[in-house]
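Commentary on secondary and tertiary structure
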Amino acid sequence: MVAARRQDGGAGAGVDPGAAAERQSGWEAATRARLMSGEEGALGAVYDQYSSFVFGLAQRVIGDPRAAEDVSQEVFLHLWEHPEAFDPTRGSMRTWLGTLTHRRAVDYVRREEARRRRAQREASRRPMSVPDVDEMATALVTAERVRAALDVLPVEQRECIDLAYFGGLTYRQVAEALGIPEGTAKSRLRLGLRRVAEALEAEGLEQWA
Amino acid sequence: MSRPHDDTPLDDLLGAYALDALDATEAAEVEAELAQRPELAREAERLVRTAAWLGATEAISAPPSMRDAVLARARARRSSSDGPTTAYLASTARLAETFASLAADDYMEPTPNGLGVRDLVVHLAAQESLLAQAVDRPVVPEVAEGDIDARTAAFVERYRIATLEEVTEVWRRSVDEVASWAADPGTRHETVPWIGLDMPRDNFLVARAFENWIHRDDLLRAQGREVEPPPAAELHEMAELSIRTLPFALLVTDRAHPGKGARVVLTGGGGGDWRVGMGGARPDPGVAPDVTFTADVVDWCLVAGERLAPAALVHEVEGARELADDLVAAAPAFATL
């Protein structure tokens, strides 16, 4: 049933990015206000929209579903307790949640010293599983577009970003894992990420949320 | 800062910074630098946002139980110091479990409320949705009826052919609205228009918790199952409310004794020791009570909730017995609140 709803290559077909972005940012500002007044329904709505994203990212970085669930819960509870920390004028809720989730997940991995185990597994990418909840269609389209942006990267930059972002490694560990100088790892991360930024912006994705 | 301020070394760390691939010391250095250089900060922000998008390729369904866990923990964190809300939410959680356990052959069983099991659930949905309406968050705006008997009748008609799940869904959505209203600290000093009174928020929530307990017991008895009192902390909220409203109950049942006071001791987990003015006024704490009345806290609450006859309440009296009799006789007036 999951595959059946996949859209054939049509990443975002039929979506007007400008109008969608405007709707989304209005919703995000209103949601933040509702969270600040302690409205539980607002947390439920954010959860319904982003739980697959948050959990999927935490699970990818951590590798252990139980720990990924703990981290994901803490991310949503952080938003609940500190809705003021999310500033809709500086970015979308998705990027805010993504940043928070990644930091928490990386902290967890480093704390648990699980990185060596992970580094080997992360060398090869895992096939994506998709959510079967309401956000699935959006998640699929979004994933396609982000993947397309990643595909513009030369393989050596892509490799560095994967190890750092999904493997939770520092750039020094990336250099060590790939047998390259630290300076090279640093610049591959920066150049690669910049290139992805350009590709996402060309797609209108950052404002599309 | 140990690094030179030219454009290269620190700038080169921005990618690693955005990907959380720096150790804590380097990250702090980068952040200090960003605070000084707005154009670099803009670039960093752009890369941080980009990094957050990378995870979008990984979306997978969260475990189904996670949503409830997040919301339950969110509730607990907001209401840990809020006894009335805790009592209300806990009572609704237990009631929801009981609803889920009802089978079709329970539906027509009679309850002490006078309604069959199914209609009692409909009554509770009518009641809870009236609450949601009272706090300005209507769930069934089509039914404006404010008198609970008339509203119950309207609900019985409206949901005549609905499944019990549909009815309990209305109930659940109403609970969510009331919970969400109560989670706002700004409501702590609000009053709610309820049965013709402006009821303080805490009394309103505890009174609902009380009624949920009593009606859950009704359902359990109809199913032939054991009943159990709420946990001590919740019971204490209910006992406290029933005692605080006693002066009012004495007045409305025409049992006021101006100038007299009572000491009420309720024993068992959740009990306590209270002074009650019997003239409809506050007691003078310096004056010795005219009567000391002692009973079990659960039994007392059951009398207040009209599930135990006043005459059946086991209690001890020291002092003026007629005052004690009036206290017990007035207690069930609470059930109408």
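Because the structure is a prediction, the values reported are computed rather than measured.

What follows concerns the interface of chain B and chain A. Tallying the contact residues gives 45 residues for chain B and 62 residues for chain A. Among the secondary structure elements, those contributing two or more residues to the side of chain B that touches chain A are α1 (14-18), α3 (38-54), α4 (66-79) and α8 (164-182) of chain B. Residue contributions to the side of chain B that touches chain A peak at ten residues, all from α4 of chain B.

Attention now goes to the pairing of strand β2 (residues 197-200) of chain B. Residues and elements named next belong to chain B. Sheet analysis places strand β1 (residues 191-194) next to β2, joined by four bridges and oriented antiparallel. Directly across from valine 192, in β2, lies its bridge partner methionine 199. The loop that links β1 with its antiparallel partner β2 comprises two residues; one of these, isoleucine 195, has a positive phi angle of about 40 degrees.

If you check helix α6 (residues 117-134) of chain B, its first and last C-alpha atoms are 25 Å apart, about what 18 residues at 1.5 Å a residue would give, namely 26 Å. Looking one or two residues beyond α6 of chain B, the residue adopting positive phi is aspartate 136 of chain B, at roughly 70 degrees.

Time to look at the confidence of the model for chain B. Confidence in the prediction of chain B, expressed as mean pLDDT, is 86, and 93% of residues score 70 or more. For this predicted complex, the interface confidence reaches an ipTM of 0.78, while the overall pTM sits at 0.50.

Take unusual backbone geometry next. Leaving glycine out, the prevailing phi sign among residues is negative, and the prevailing peptide bond configuration is trans. Residue and element names in this part refer to chain B. One non-glycine residue, aspartate 20, lies in positive phi territory at about 55 degrees. Structurally, the position occupied by aspartate 20 is in the loop between α1 and α2 (24-36). Although it is not a glycine, aspartate 136 adopts a positive phi angle of roughly 70 degrees. With respect to the helices and strands, aspartate 136 occurs in the loop between α6 and α7 (148-158).

Now for the sheet that holds strand β4 (residues 272-277) of chain B. Residue and element names in this part refer to chain B. The strand order across the open sheet formed by four strands is β4-β3-β5-β6, and the pairing between neighbours is mixed. Among the strands making up the open sheet, the edge pair consists of β4 and β6 (315-319). Ignoring which end each strand starts from, the neighbouring axes of this sheet average 15 degrees apart. Looking at chain direction, strand β3 (residues 261-267) and β4 are connected through six bridges and run antiparallel. Its bridge partner lying in β4, alanine 262 is registered against valine 276. Together, β3 and β5 (291-296) form the strand contacts of helix α12 (residues 297-304), whose direction differs from that of β5 by roughly 95 degrees. In this fold helix α13 (residues 321-330) packs onto β3, β5 and β6, with an angle of close to 45 degrees to the strand it touches most, β5.

Moving on, we come to the nonpolar core. Counting residues in each nonpolar core, the largest one holds 76 residues, and the members touching the most others are Ala164, Val174 and Leu189 of chain A together with Leu19 of chain B. For this core, the element with the highest residue contribution is helix α2 (residues 40-62) of chain A, accounting for twelve residues. With 67 residues, the next largest nonpolar core counts Ala87, Leu205, Val291 and Leu323 of chain B among its residues.

The rules behind the values
- Residues numbered from 1 in each chain as written.
- Chains lettered and ligands numbered in written order.
- Predicted model: local features only at pLDDT ≥ 70, side-chain atom pairs only at ≥ 80, totals over all residues.
- Contact = placed C-beta atoms within 7 Å.
- Helix = DSSP H or I, 4+ residues; strand = E, 2+ residues; numbered from the N terminus.
- Pairing = 2+ DSSP bridges.
- Expected span 1.5 Å × (residues − 1).
- pLDDT = per-residue confidence, 0-100.
- Axes fitted to C-alpha atoms, helices over the stretch in contact; angles between N-to-C directions.
- Core = buried A, V, L, I, M, F, W, Y, C linked by C-beta atoms within 7 Å.
- Buried ≥ 20, exposed ≤ 12 C-beta atoms within 10 Å, placed from the backbone.

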